[in-house]
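Residue-level listing of the chains:
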Amino acid sequence: MSDQVTVDEVADAMFELVSECYGKKNLKPMDVTKAMIQKFGEDKCSKQLCKEAIRKLMDSGRTIYSYVGGSYMTLPPPAAK
Amino acid sequence: MAVETKERRTDIGPPHYEQFLPPVIKKNYGKWKYHEIVKPGVLLTVAESGDKLYSVRAATPRLMSIESIRLFADIADEFCGGFLRFTSRNNVEFLLTDESKIDPLIARLKKEGYPVGGMGPSITNIVHTQGWVHCHSAASDASGVVKALMDELFPHFEKMDLPGKLRIAFACCLNMCGAVHCSDIAILGVHTRLPVVSHAKLGSMCEIPTTVASCPTGAIRPATVDGKPSVEVIAEQCMFCSNCFTVCPAISLSDAEKDGCSIWVGGKVSNARQEPMFSKLAIPYLPNNPPRWPEVVAAVKNLVEVYAKHARKFERMGEWIGRVGWPKFFELTGIPFTKYHIDDFTHAGESFKRSAHLRQKKGE
Amino acid sequence: MADQKRETPRLDQLESGPWPSFVKELKKSRKNPMTEDLLGQLERSYEDKVVHWKHGGLVGVKGYGGGVIGRYSDVAAEFPKCAEFHTMRINQPAGWFYTSTVLRKICDIWEKHGSGITNMHGSTGDVILLGTTTPELEPTFQELTAAGFDLGGSGSAMRTPSCCCGMSRCEWALYDTMALTHDLTMTFQDEMHRPAFPYKFKIKCSGCPNDCVASIARADMSIIGTWRDDIRIDQDAVRAYVAAGTFDMSADVVDRCPTRCMHWDGKKLGIDDSNCVKCMHCINAMPKALRPGTDRGAVILIGSKAPIMGGALLSSVIVPFLKIETPYDDIKEVTQAIWDLWAEHGKNRERVGEFIQRIGLGSFLEQIGLEPCPEMVMQPRTNPYIFYEDESENAEG
Ligand code: SF4
Ligand code: SF4
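In this text, all values refer to a predicted model and were calculated from it rather than measured experimentally. (Residues numbered from 1 in each chain as written. Chains lettered and ligands numbered in written order. Predicted model: local features only at pLDDT ≥ 70, side-chain atom pairs only at ≥ 80, totals over all residues. Heavy atoms only, no water.)

Some remarks on the overall build of chain B
To keep it simple, the criterion reads: Secondary structure elements are defined from DSSP: runs of H or I of at least 4 residues count as helices, runs of E of at least 2 residues count as strands, and each element is numbered from the N terminus. Each residue is assigned to one of three classes by its accessible area relative to the maximum for its type, calculated with a 1.4 Å probe on protein chains only: buried under 20%, partly exposed between the two thresholds, exposed over 50%. Any two residues whose heavy atoms approach within 4.5 Å are treated as being in contact. Exposure was quantified through the Shrake-Rupley algorithm and a 1.4 Å probe, taking into account, for residues, occlusion by the shown protein chains and nothing else. Only four residue types enter the tally: Lys and Arg on the positive side, Asp and Glu on the negative side; His and the chain ends are excluded. By convention, charge coordinates are those of NZ in Lys, CZ in Arg, CG in Asp, or CD in Glu.
Of regular secondary structure, chain B possesses 10 helices and 14 strands. By principal-axis analysis of the C-alpha atoms, chain B measures approximately 80 × 75 × 35 Å. Burial status across chain B gives 59% buried among its 364 residues. Partitioning the intrachain contacts of chain B with sequence separation of at least 6 by distance along the chain shows that 63% fall at a separation of at least 24. Of the roughly 15200 Å² that chain B leaves accessible, carbon and sulfur atoms contribute 55%. Taken as two groups, the 44 positive and 39 negative side-chain charges of chain B have centres that lie 5 Å from each other.

Structure follows, in structure tokens:
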């Protein structure tokens, strides 16, 4: 387990994905989690790790939750950056 | 000015309920013996220890000003040591141990405009949603219909004169924040005009695949309108459920003349006697006629009266209808039976009559 | 004051009559300009017969994905003070008990930061603070947490659990609903505040099969108290009810028992408890004479919901009987197993009840590690199209 990726690495990769999809596709936290596990591999990245990364992104305000019939991860509106 | 001195606290959860319980409850928690309704709106609960707790239940409009909440706080201080609670149907209950204070409390509440009642075989507060006061998808107001209805049904709130409990619920659209689908009588706001798509805005406001996927009947398909990607609605397939609007603000279903209310009957959640059941359609559509919705009020009043006259003791609306049969229900209430009453969505067939068990009427 | 007073001829007609008036409530708070404009906008809706609110937006407090519902007026030019009118959901204390002191605290905070209008309570159970602006959200939140309150759930998350008053006042409470609700709420703070599910998930705890919080119709997970041993009968008290004559023992009680497991010979009431389905009817009719047994627990049911999207559902049994004891590990394990499965495989906006319908209850049970049993169905299947599995392949596993 020593070669696990760090929470920050996952958070950065998540941020990149959310930025890429911004305005194009709504991503649920679970979509992002699945994408990370695929990207880093199951042995290096877990659901728990993703949960921590999401929390870090949200607490820092780099990403926010949006709601349109369901809850999604997105970037804060430009004015708030 | 924000308070920035302390560290920001999150995930602390609700305060522990124990600190809000009156001493008589703390002492007898889990050790109650029986209860009885001593008079309308007054519940006596007796503990194994012999201690007595009186709960006095008053109506609230659910939508409350902080001024009224403060008034409740003052009343609770004056009559019962400051202890009160709210019920799942938006009533307020004052928790007393001193029997002599019950009547003065009732008088006081009545004077302030919050009448006491709603227990036992009666009509209690109508659980309802936000309506025009605060919802974006409301097909009718909620508070206004409820106020108009309860003004009319009020004698049944103050007296316990019905065969059984009669629970009424109101939801202002099919989202049913008030989950009205298992109530003795449910009033449900409905849209009946086809969704209107604002093609100019849709591209920037909504995700097309999500919008298409949101429709349970596949009535929405991608389309290019004026050279811009958008969606179109196949009229025959739309059942006015509003799912598309929920995920896409560029679609609208609201319409001043075509929005209205439908009425449903015979649902219940309690397991007493018969199993819990869904409410079934009684009246497919009545117009919105603010401020007092006379058509809706008259229809509900009729249902209440017919039920009160024909049901047996303890029987809920749905149990009564089950006993006498739906044809009799439509006959007694005078409600016309239409094609809209016959289900045509998933599992529709389960509601078709599949036997020759019919209460035939003797020929004239 | 520069703010104009809105004319509300239509709403004014809802001030008269015996039932408490929401219009009077709005007017009690009209000194707040937001509420004054809300009155104006509502009057406009009464005139136009359509709603004047728009879809929500991206509002919330930092780090949370729920608890705040964004609301914007579509006639903001006319009613600028309620242009933004967001809702905050405050997690209620279990059982909705309060003291005057704590209620005043909430009122003071809301007077300072919002419209002064509330719902006591919302459909899910939270205290609803109705109407504030985006900049006020964070300060309100911080004052609320300082006063010991937190936000409730919204969005695709665990919603604020709620319960009946249970053991605090009801002799029929067959487990401690308030204790369980509080415990589950505290245990699953993360699941409530940071939406990670396909859609909402509601938990409601009812102390007995009367189901006073409508859990069977309104909760994705319904926890309904029940018992396994015999109904306790006080024959003298039974006879007293009969003597009082408020109901007919044979017609109204014995004949209304769903399994016809009671008999009354004019002197003595007998119950064949092995056939009693714990419906509560006879106990409701004679609370002083009959009491539930003492071997108590709960039935766990799953999947109820309102119609959106695939039609309304009632919850159905997944655990026929469970002892409800602290630290509630069994319930938490089942809940977690359900969430893991549904979060991974549920479609967007698919409630757990619909998910089960799609994948099949049999397969659902297998994947969350519960054994199927006949209590879970009304009857076995009648359709012969069975998805047989090749047992030989799995045999070695
Ligand atoms: S209202 Fe419902 S049925 Fe009609 S188009 Fe929208 S989603 Fe489809
Ligand atoms: S609880 Fe219900 S099923 Fe059991 S004996 Fe009483 S009426 Fe019959």
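Resuming the write-up.
Quick look at the interface of chain B and chain C
Condition: Summed over both partners, buried area is the accessible surface (1.4 Å probe) that two parts give up on being assembled. By definition here, a salt bridge exists when the distance from a side-chain nitrogen of Lys or Arg to a carboxyl oxygen of Asp or Glu is within 4 Å.
Contacts between the two partners involve 118 residues from chain B, matched on the other side by 121 residues from chain C. Of the roughly 10600 Å² buried at the junction of chain B and chain C (both faces included), carbon and sulfur atoms supply 60%. When residues of chain B are sorted by the area they lose upon contact with chain C, B:Arg8, B:Trp132 and B:His134 head the list and together hold 7% of the total. On the surface where chain B and chain C come into contact, there are 12 salt bridges. Between B:Asp11 and C:Arg194 there is a salt bridge, with the nearest N and O atoms lying 2.8 Å from each other.

Quick notes on empty space enclosed by the protein
As a reminder of what qualifies: As defined here, a cavity is a set of points on a 1 Å grid over the protein atoms alone where a 1.4 Å probe fits but cannot get out. A pocket is an open set with protein on both sides within 12 Å along at least five of seven lines, and residues line them when an atom is within 4 Å of a point. Grid points are joined across faces, edges and corners, and a volume is the space filled by probe spheres set on the points. Residues are grouped as follows: nonpolar covers Ala, Val, Leu, Ile, Met, Phe, Trp, Tyr, Cys and Pro; charged covers Asp, Glu, Lys and Arg; every other residue, Gly included, is treated as polar.
Summed over the entire model, instances satisfying the criterion amount to four cavities of 30 Å³ or more. Considering only enclosed or pocket space, the largest cavity measures out at about 100 Å³ in volume. What lines the largest cavity is a set of 16 residues, among which C:Cys257, C:Pro258, C:Cys276, C:Cys279 and C:Cys282 lie closest to the centre. Residue composition of the lining of the largest cavity, grouped by class: 13 nonpolar, two polar and one charged. Together, 13 residues line the second largest cavity, and B:Pro195, B:Cys215, B:Ala219, B:Cys238 and B:Cys244 are the ones closest to its centre. Looking at the lining of the second largest cavity residue by residue, the classes come out as 10 nonpolar, three polar and no charged.

Concerning the site of ligand 1
Residue and element names in this part refer to chain B. Here is the rule: Residue proximity to a molecule or strand is established when one non-hydrogen atom of the residue lies within 4 Å of it. To decide whether a molecule occupies a pocket or cavity, check its atoms: if more than half lie within 2 Å of the grid points, it is inside.
The full set close to ligand 1 counts 15 residues, and Cys215, Cys238, Cys241, Ser242 and Cys244 are the nearest of them. The cavity that encloses ligand 1 is the second largest cavity. Grouping the constituent residues of the shell around ligand 1 by class yields 12 nonpolar, three polar and no charged.

As for the packing of aromatic side chains
The cut-off we apply is this: Working definition: a ring pair exists when centres of Phe, Tyr or Trp rings (six-membered ring for Trp) sit within 6.5 Å. Plane angles under 30 degrees give stacked, over 60 give edge-to-face, the rest tilted.
In total, this model carries 26 aromatic pairs over all chains according to the counting rule given. Ring geometry for B:Phe72 and B:Phe94: centres 6.0 Å apart, planes at 90°, overall edge-to-face. Of the two residues, B:Phe72 is situated in helix α2 (residues 66–80) and B:Phe94 in strand β6 (residues 92–96); the sequence distance between them amounts to 22 residues. A relative accessible area of 0% means that B:Phe72 is categorised as buried. Each ring, one from C:Phe355 and one from C:Phe364, has its centre 6.4 Å from the other, and the planes form 80°; the classification is edge-to-face. Judged by relative accessible area, C:Phe364 falls into the buried class, the value being 0%.

Focus: the site of ligand 2
Around ligand 2, the surrounding shell holds 13 residues, and the nearest of these are C:Cys257, C:Cys276, C:Cys279, C:Met280 and C:Cys282. A majority-of-atoms criterion places ligand 2 in the largest cavity.

Examining the state of the cysteines
Quick note on the threshold: Disulfides are defined as pairs of cysteine sulfur atoms found within 2.5 Å of each other.
Across all of its chains, the model carries one disulfide over all chains by this definition. The partner cysteine of B:Cys206 in its disulfide is B:Cys248, sulfur to sulfur 2.1 Å. Because the torsion about its S-S bond is 75°, the bridge between B:Cys206 and B:Cys248 counts as right-handed. Of this pair, B:Cys206 sits in the loop between α5 (199–205) and α6 (208–214) while B:Cys248 sits in the loop between α7 (243–247) and β12 (251–252), and the two are 42 residues apart along the sequence. The exposure class of B:Cys206 is buried, given its relative accessible area of 8%. On the accessibility criterion, B:Cys248 (0% relative accessible area) is buried. Of all cysteine sulfurs, the one in C:Cys165 lies closest to B:Cys80, which takes part in no disulfide; the gap is 16 Å. Among the cysteines around C:Cys164, which has no disulfide bond, C:Cys165 carries the closest sulfur, lying 5.7 Å off. For C:Cys164, a relative accessible area of 12% corresponds to the buried category.

With respect to the sheet that holds strand β4 (residues 87–90) of chain C
What counts here: A pair of strands counts as paired when DSSP detects no fewer than two bridges linking them.
Spatially, the five strands line up as an open sheet ordered β4(B)-β6(C)-β7(C)-β4(C)-β2(C), and their pairing is antiparallel. In the strand order of this sheet, the two ends are held by β4 (63–65) of chain B together with β2 (68–69) of chain C, each with one partner. Alignment of β2(C) against β4(C), held across two bridges, turns out to be antiparallel. Residue pairing in the sheet places C:Val68 in a bridge with C:Met88 of β4(C).

Description of helix α13 (residues 352–359) of chain C
Residues and elements named next belong to chain C. Of the residues making up α13, those classed as buried are Val352, Gly353, Glu354, Phe355 and Ile356. Residues of α13 that are buried in the fold lie against β15 (296–302), α12 (329–345) and α14 (361–368). Residue Gly360 follows α13 closely and has a positive phi angle near 95°.

Points about a nonpolar patch on the surface
All names here are of chain B. Rule in force here: The residues that make up patches have over 30% relative accessible area and no salt bridge, and they are joined within 9 Å when like-charged or within 5 Å when they are Val, Leu, Ile, Met, Phe, Trp or Tyr.
A surface patch of nonpolar side chains, about 310 Å² in accessible area, is lined by Phe337, Ile342 and Phe352. Tracing the backbone through its elements, the reader meets Phe352 in the segment after α10 (326–333). Assessed through its relative accessible area of 43%, Phe352 is described here as partly exposed.

Details of the pattern of salt bridges
Where charged atoms from two side chains of opposite charge come close, those side chains can pair. Applying the stated criterion across every chain yields a total of 55 salt bridges over all chains. A salt bridge links A:Arg55 to B:Asp11; the nearest nitrogen and oxygen atoms lie 3.4 Å apart. Here A:Arg55, found in helix α3 (residues 47–60), pairs with B:Asp11, found in the segment before α1 (23–28), and the two come from separate chains. Among the residues examined, A:Arg55 registers a relative accessible area of 31% and is labelled partly exposed. Measuring nitrogen to oxygen at the nearest pair gives 2.9 Å for the salt bridge that ties C:Arg291 to B:Glu48. Of this pair, C:Arg291 sits in strand β14 (residues 290–291) while B:Glu48 sits in the loop between β2 (42–47) and β3 (52–58), each in a different chain. Taken together, the shared-partner salt bridges in this structure form one network comprising A:Lys51, A:Arg55, A:Asp59, B:Asp11, C:Asp190, C:Glu191 and C:Arg194.

Remarks on the pairing of strand β1 (residues 64–67) of chain A
Residues and elements named next belong to chain A. Here β1 pairs with strand β2 (residues 71–74) via four bridges, running antiparallel. Within β2, the position partnered with Tyr67 by the bridge is Ser71. Between β1 and β2, which pair antiparallel and follow one another directly, the connecting turn spans three residues, one of which, Gly69, has a positive phi of 75°.

Details of the nonpolar core
Defined as follows: Put simply, a nonpolar core is a bunch of buried Ala, Val, Leu, Ile, Met, Phe, Trp, Tyr and Cys residues held in one set by side-chain atoms that sit within 4.5 Å of each other.
Counting residues in each nonpolar core, the largest one holds 117 residues, and the members touching the most others are B:Phe94, C:Met88, C:Ile223 and C:Ile338. No other element matches α2(B), which puts eight residues into this core. Counting 67 residues, the second-largest nonpolar core is a separate cluster that includes B:Val146, B:Ile187, C:Tyr46 and C:Ile128.

So, the pairing of β6(B)
Residue and element names in this part refer to chain B. Burial analysis of β6 places five of its five residues in the buried class, which makes it a mostly covered element. Judged by which residues are buried, β6 turns out to be covered on both faces: Val92, Phe94 and Leu96 on one side and Glu93 and Leu95 on the other are all buried. Relative to β6, β3 runs antiparallel, the two being bridged by five bridges. The partner of Tyr54 across the bridge, within β6, is Leu96. Taking the residues between adjacent antiparallel strands as the criterion, strand β5 (residues 83–86) and β6 are bridged by five residues, where Asn90 takes a positive phi near 65°.

Here we look at the packing of α2(B) against helix α3 (residues 102–112) of chain B
Residues and elements named next belong to chain B. Note the threshold: What counts as an axis is a line fitted to C-alpha atoms, over the stretch in contact for a helix, and the angles between N-to-C directions run from 0 to 180 degrees. An angle below 35 degrees is treated as roughly parallel, one above 145 as roughly antiparallel, one from 65 to 115 as roughly perpendicular, and anything else as oblique. Left-handed describes a crossing whose near helix is turned anticlockwise from the far helix by less than a right angle; the clockwise case is right-handed.
Relative to each other, α2 and α3 sit at 165°, their axes nearing to 11 Å. As judged from the angle between their axes, α2 and α3 are roughly antiparallel. Between α2 and α3 lies a crossing of right-handed hand. In contact with Leu71, Ile75, Glu78 and Phe79 of α2, α3 contributes Pro104, Leu105, Arg108, Leu109 and Glu112. Here the contact of α2 with α3 is composed, by residue class, of six nonpolar, no polar and three charged.

Purely geometric stuff here, so don't read any function into it on its own.
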